[in-house]
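This is what each chain is made of:
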Amino acid sequence: MNLIRLFRRLLPLLFLVALGWFLWKKVGPTLAGLNPLAADEPRITVTHNTVLTQVEALGRLELVRYRFKDVVEYRRKAYRFLPESKVALVVGGEAVGCIDLRKLKPQDVVLEGDSVVRVALPAPELCTFQINHNQSRVFSTENGLFQDAELVDEGYKYAEAQVRNAALQSGILAQTQRNAEQILVPMLRTLTGRRVILGQQLVLPKAGPKQ
């Protein structure tokens, strides 16, 4: 009998607890959203205004790409009584050879009879040479004297110049010319129905300073 009497006394309390839990599940999220001290979801706002600054006509026919890997150790001696600064870089770079077809003039295309067309192409060029930073990394720095970032930047600029030199020494211009013949001769032969002979434009030497 005492147990039944105790249960009857606790029943209203249990009912109030259950009712409070039910109401909290229903309106709790809304009340949490109204709490000014509650942490909000991060809000990201981006403002931009893209402006077209230049339109450039492109006529470069890219014909070959050289890729390089190099380990560069760049040293700089800034002060007589301090040790030299040094950075070691693992560098990936690339260079592209092309022919600028914008330099092709009407007189560079000559028809001979009914069966031959001669085309004097512009000289091959080294269009771009650059460091691929996704394939490069800093291996180590020494004695940077709080100027490590500047030292690394100088090292990359030196490495980029070496990419240019390596591409030229590896014969990228001659390979560009050969690739131009392999690509352009069949294409022009199909378009004209003639035998195609490719040459190079004559480059006049620059006049020296007057004496």
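Residues numbered from 1 in each chain as written. Predicted model: local features only at pLDDT ≥ 70, side-chain atom pairs only at ≥ 80, totals over all residues. Heavy atoms only, no water.

1. Focus on the pattern of salt bridges
Scanning all chains against the criterion turns up nine salt bridges. Between Glu125 and Lys103 there is a salt bridge whose closest N-O contact spans 2.7 Å. Here the residue Glu125 occupies a position in strand E5 (residues 125-131), and Lys103 occupies one in the loop between strand E2 (85-100) and strand E3 (109-112), the gap between them amounting to 22 residues. For Glu125, a relative accessible area of 18% corresponds to the buried category. (Salt bridge = Lys/Arg side-chain N within 4 Å of Asp/Glu carboxyl O. Helix = DSSP H or I, 4+ residues; strand = E, 2+ residues; numbered from the N terminus. Buried < 20%, exposed > 50% of the residue type's maximum accessible area, 1.4 Å probe, protein only.)

2. Points about the side chain of Glu125
Within polar-contact distance, the side chain of Glu125 engages the side chain of Lys103 at 2.7 Å. Among all residues touching Glu125, those that are not within four sequence positions of it are Arg60, Val96, Gly97, Cys98, Asp100, Lys103 and Leu173. (Polar contact = N/O pair within 3.5 Å; in protein donor to acceptor, adjacent residues only side chain to side chain. Contact = heavy atoms within 4.5 Å.)

3. Quick look at the sheet that holds E3
Backbone hydrogen bonds hold the strands of a sheet together, and the pairing may be parallel or antiparallel. With mixed pairing, the three strands of this open sheet are ordered in space as E3-E4-E7. The open sheet has two edge strands with one neighbour each: E3 and strand E7 (195-200). Taken pair by pair, the neighbouring strands of this sheet meet at an average axis angle of 20°, ignoring direction. Lying on the sheet, helix H3 (residues 172-192) is in contact with strand E4 (116-121) and E7; it crosses E7 at an angle near 145°. (Pairing = 2+ DSSP bridges. Axes fitted to C-alpha atoms, helices over the stretch in contact; angles between N-to-C directions.)

4. Details of helix H2 (residues 148-169)
Compared with an ideal rise of 1.5 Å per residue, which puts 22 residues at 32 Å, H2 spans 31 Å between its outermost C-alpha atoms and is within 8% of the ideal. The complete set of buried residues in H2 reads Leu151, Val152, Glu154, Gly155, Tyr156, Ala159, Val163 and Ala167. Those residues of H2 that are buried lie in contact with strand E1 (60-76), E2, E5, strand E6 (137-142) and H3. Two residues or fewer past H2, Gly171 is found with a positive phi of approximately 85°. (Expected span 1.5 Å × (residues − 1).)

5. What to know about the environment of Ile131
Its place among the elements puts Ile131 in strand E5. The contacts of Ile131, once residues within four sequence positions are left out, are Val91, Gly92, Gly93, Ser136, Tyr156, Ala159, Glu160 and Val163.

6. Points about the state of the cysteines
Applying the stated criterion across every chain, the model contains one disulfide. Residue pairing for Cys98: its cysteine sulfur links by disulfide to Cys127, the two sulfurs lying 1.5 Å apart. Measuring handedness by torsion sign, the sulfur bridge of Cys98 and Cys127 sits at about 135° and is right-handed. Taken together, the residues span a long stretch of sequence, with Cys98 in strand E2 and Cys127 in strand E5 at a distance of 29 residues. Both residues of the pair, Cys98 and Cys127, count as buried. (Disulfide = S-S within 2.5 Å.)

7. Focus on H3
Helix length check: H3 (21 residues) gives 29 Å between terminal C-alpha atoms against 30 Å at 1.5 Å per residue, within 8%. Its maximal kink placed at Leu184, H3 deviates by approximately 30°, while the proline Pro186 follows within four residues. If you check which residues of H3 are buried, you get Ile172, Thr176, Gln177, Asn179, Ala180, Leu184 and Val185. Immediately beyond the C-terminal end of H3, within one or two residues, lies Gly193, with a positive phi of roughly 70°. (Bend = angle between axes of the 7 residues up to and from the residue.)

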